[in-house]
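What the coordinates show
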Amino acid sequence: MRKPQSTATRPDDGSAARVNLPAAHQLAADAALQALASRHHGLTLAEVAERARRLGPNRLPRRPPPSFMAIVLRQLRDPMILVLAVAAGVAMVLDDWSDVAFIALVIIIDVAIGASQERAAQRTVDSLQGMVRTRARVERDGEAYEVDAEELVPGDILLLESGARVPADARILSGHDLAIDESLLTGESAAVAKHADVLPDAECALAERVNMAFAGTLVTRGRAVALVTAIGLATEVGRIAAALATPRVAKPPLLVRMERFTVRMAALVMGAVMLVSVIAIARGAALAEVFLAALALAVSAVPEGLPVALTIALAISMRAMGRRNVIVRRLAAVESLGSCTFIASDKTGTLTANELTVQRLWLPAAGMCTVTGTGWQPQGAIEHAAADRDAVLRLCRAAALANEAFLGRRDGEWIHHGDAVDVALLVLAHKAGLTRPELLLLHPELASLPFESERLCAASVNPLAEGVTVSVKGAVEKLLVMCSHMMTDHGRVALDVAAVQAAAAALATDGYRVLALAQGRVQLGADGSLDEAQLTGLAMLGLVGMIDPLRPDARDAVARCRAAGIEVAMLTGDHPDTALSIARRLALADAAAQVVTGAQVRAAEAQGAAALETLVAEARVFARVEPQHKLAIVNALQRRGHVVAVTGDGVNDAPALRAAHVGVAMGRAGTDVARDSADLIITDDNFSSLLAGVEEGRIAYANIRKVVLLLVATGVAEIILFALAIASGLPLPLLPAQILWLNLITNGIQDVALACEPGEGNELQRPPRAPDEAVFDRAMIERVALCAVVMAVLAFVLFHGLLQAGEPLAAARNHTLLLMVLCENLLVFVARSELRSIFSGGLRGNPLLLWGTLAAQAVHIAALYTPGLNTLLGLAPVTAANWLALLAMASLLLVVMEIYKWRVRRR
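Residues numbered from 1 in each chain as written. Predicted model: local features only at pLDDT ≥ 70, side-chain atom pairs only at ≥ 80, totals over all residues. Heavy atoms only, no water.

A word on helix 28 (residues 809–830)
Spanning 22 residues, helix 28 covers 31 Å between terminal C-alpha atoms, matching the ideal 32 Å at 1.5 Å per step. Summarising burial for helix 28: 19 of the 22 residues are buried, a large majority. (Helix = DSSP H or I, 4+ residues; strand = E, 2+ residues; numbered from the N terminus. Expected span 1.5 Å × (residues − 1). Buried < 20%, exposed > 50% of the residue type's maximum accessible area, 1.4 Å probe, protein only.)

Things to note about the state of the cysteines
Between two cysteines, a covalent bond joining their sulfur atoms is known as a disulfide. Evaluated as defined, the whole model comprises zero disulfides. Free of any disulfide, Cys340 has its nearest cysteine sulfur in Cys561, 7.2 Å distant. Using a relative accessible area of 0% as the deciding quantity, one classes Cys340 as buried. (Disulfide = S-S within 2.5 Å.)

Details of the pairing of strand 21 (residues 538–547)
A large share of strand 21 lies buried, amounting to ten of its ten residues. Pairing geometry for strand 10 (residues 357–363) and strand 21, over five bridges, is antiparallel. Residue pairing in the sheet places Thr357 in a bridge with Ile547 of strand 21. Looking at chain direction, strand 18 (residues 483–488) and strand 21 are connected through three bridges and run parallel. Bridge pairing in strand 21 places Cys483 opposite Leu538. (Pairing = 2+ DSSP bridges.)

Section: the pattern of salt bridges
The full count for this structure, using the stated rule, is 26 salt bridges. A salt bridge links Glu567 to Arg620; the nearest nitrogen and oxygen atoms lie 3.1 Å apart. Within this pair, whereas Glu567 is found in strand 22 (residues 567–571), its partner Arg620 is found in the loop between helix 21 (609–617) and strand 24 (621–623), the two being separated by 53 residues in sequence. For Arg620, a relative accessible area of 9% translates into the label buried. A single network of salt bridges, built from pairs that share partners, joins Glu50, Arg53 and Arg54. (Salt bridge = Lys/Arg side-chain N within 4 Å of Asp/Glu carboxyl O.)

As for the environment of Gly801
Following the sequence through the fold, Gly801 ends up in helix 27 (residues 778–804). Sequence separation between Gly801 and Ala812 is eleven residues; the distance between their C-alpha atoms is 8.7 Å.

Looking at a nonpolar patch on the surface
Nonpolar side chains collect at one region of the surface, where Met69, Leu73 and Leu76 lie side by side and expose about 260 Å² of accessible area between them. Residue Leu73 is classed as partly exposed on the basis of its relative accessible area, which comes to 44%. (Patch = residues over 30% accessible without salt bridge, like charges linked within 9 Å, V, L, I, M, F, W, Y side chains within 5 Å. Areas by Shrake-Rupley, 256 points an atom, 1.4 Å probe, with all protein chains shown as cover.)

Just distances and angles here, no functional claims.
Structure below.
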């Protein structure tokens, strides 16, 4: 085979996407050739060069990646970053460079995380580009060439064979026993038999276009001649790449909530500080003192420690998820999963094991038998009566002999190769104590008929005890024509066609793929060959029912999702009847009305967004869906207000994974494209692991709310304290340096410890938060207001009382600051739970909280006695009696909040 010179190409601008034969599957072979001005012996080299120059190469276009500076500038426009920048500016004015450094570090961390997320989209496109770049065999000018797949043009004649990767979308012109693995596009593991002469319906799904081969798919059997109809972005995989190149539309719920919170909080704090400042100046306070105090209050009240605590809370949950088989690629996805209200799950490999398994046998004399064990490891047994042992062995022997697959052990592991149906039959034979190698040693194969899609059966001739015998497997309707008898323990009896058809129908109704097995004496031809015409007068041995079994914990996981208030839907390329059968086994759906097909999705889209939203509202099974259908379904669910999580493992899942609030890819069976498009990766491919992620996500958000309570209540308390003092005509209760010190030693230590809180144990027993619920909901406002008022009033009463008693202003401020530190030390324990009493749980789950609180108090006490530092902060030592009195006073906060929680629990 010779290789032509590389054809001339122009720079890649995506123009190849403009040339396409979109309805190639509707055209007869000759009509498709005519439409693309091609011939059976191929284009001329001159035509190839001209089309390559005009249309461009067969590859996905690459956008130049954004510069590092462009990414940084985009991240700096984030509202939370802007608020932090303002706080840093205030700290600069105060000449507080430690705060400036701290805030700058937070900004750098946030920008770095955001920049890494932006790189994910480019990696996804790169994976798709690597998928279509391969070598291809073509016929040009009547001669065969091997060329780079990028040099293909519409109208080229492809030569496909087993093991080849299809380099472009193509209309099959002729073929022999062709089967292609299209799981990359459809998600279904079973190879699709291809037929050149079939013309599918115009609106049929990709899985039903049996006269087409699609770029990136794999030829598993046979050979074919095909006409290239689309290259580059015009291919089906190219359309997916185009969808992935667009930016994410759905923001993580946490980002939406925190953006809204930070903007409102900043406005509230600035407004309150300005109001307090105006009142203070109007009452005659010194302008410079008020200005410095206002800036200090702003720095203290704006929760600049929130991003760090938030990152820590998410990072802790990320590690916990990793221990539970969930790898996090985007930090915000931790909380997004906890917020999800709807999981759209791929079927194959997620809810099911993606390992075709024989689970039912039908024997003419014994009826139905159950086969235990799932997957491609021969563990389990065939449950049957002792009297049926010989019938089971005959059927399993035929299944192993009429077989082209391999199943065996290597280095202690079970390995297999070959067609999934044949592997499932070999596993069945193992469960009966039979192996194909041993059977062939005893009964060498004399002749065979390999399976072909046109033949719908396969056969093997072997010498058995009863003579030269042919064992046949195939479609039920095919073998019924070949059989005249049924094999029972009493020998051959007349074939009961109605009984066989009824058994096959029952298995099919339950979602099983049904094959028949038969055997009979045969006379080989003079040359030792076997012809299909010789397969007559056979005896029916029985039927096997195969299915891709549910994962062992899938049904329970779906039930637990619903108990947690999360709706689950299944997306699959299966036939609607098969999909409904699987959904019933999952207790996911029980009526045909809950099944929606890809064709229905397409029709609803044409009618408008409202029609599609109505269609998906009650559907729990989506069958015969393609990538664009999955994307439309996800978008419709989001418009209905759902926080959507999508699971998947194939390229066909990538657009939906990317569009979802949180995309979840399978780690073992997933493609690189799916993993790079996802936010989370499940390492064990178990749907139940997703629930573990939901639980950890809810724990993370609960901890974020706890930190918000601590930080905001502290800041609001300080503002209220200043407002009360100014309204009463008193001096400022705290110096600017004291305000910053209070913020540093309490919030800077305790908020990090609070972010490490373990779960309370009931995270999956309550519904998810409403998607539009703000961080500052009614419950949060009540708790913040109550805590802030109690702390502010206690501090004001102390400050006012000390001044009234004749204490110096410096001493009053010193004791007021210590009281505020003690209040915040106790507030952290109040914040541990929104409802539970602080006395209902110990600190074993979070010893860091206790040690962090003690450390904060110890640092402040040390500052009271440290020369230089105490002068800078206006501090002085206090007696043990005073310290205990202030602790008792601060404990009133615990009493008030315990009463509040008790009333809320009763309510």
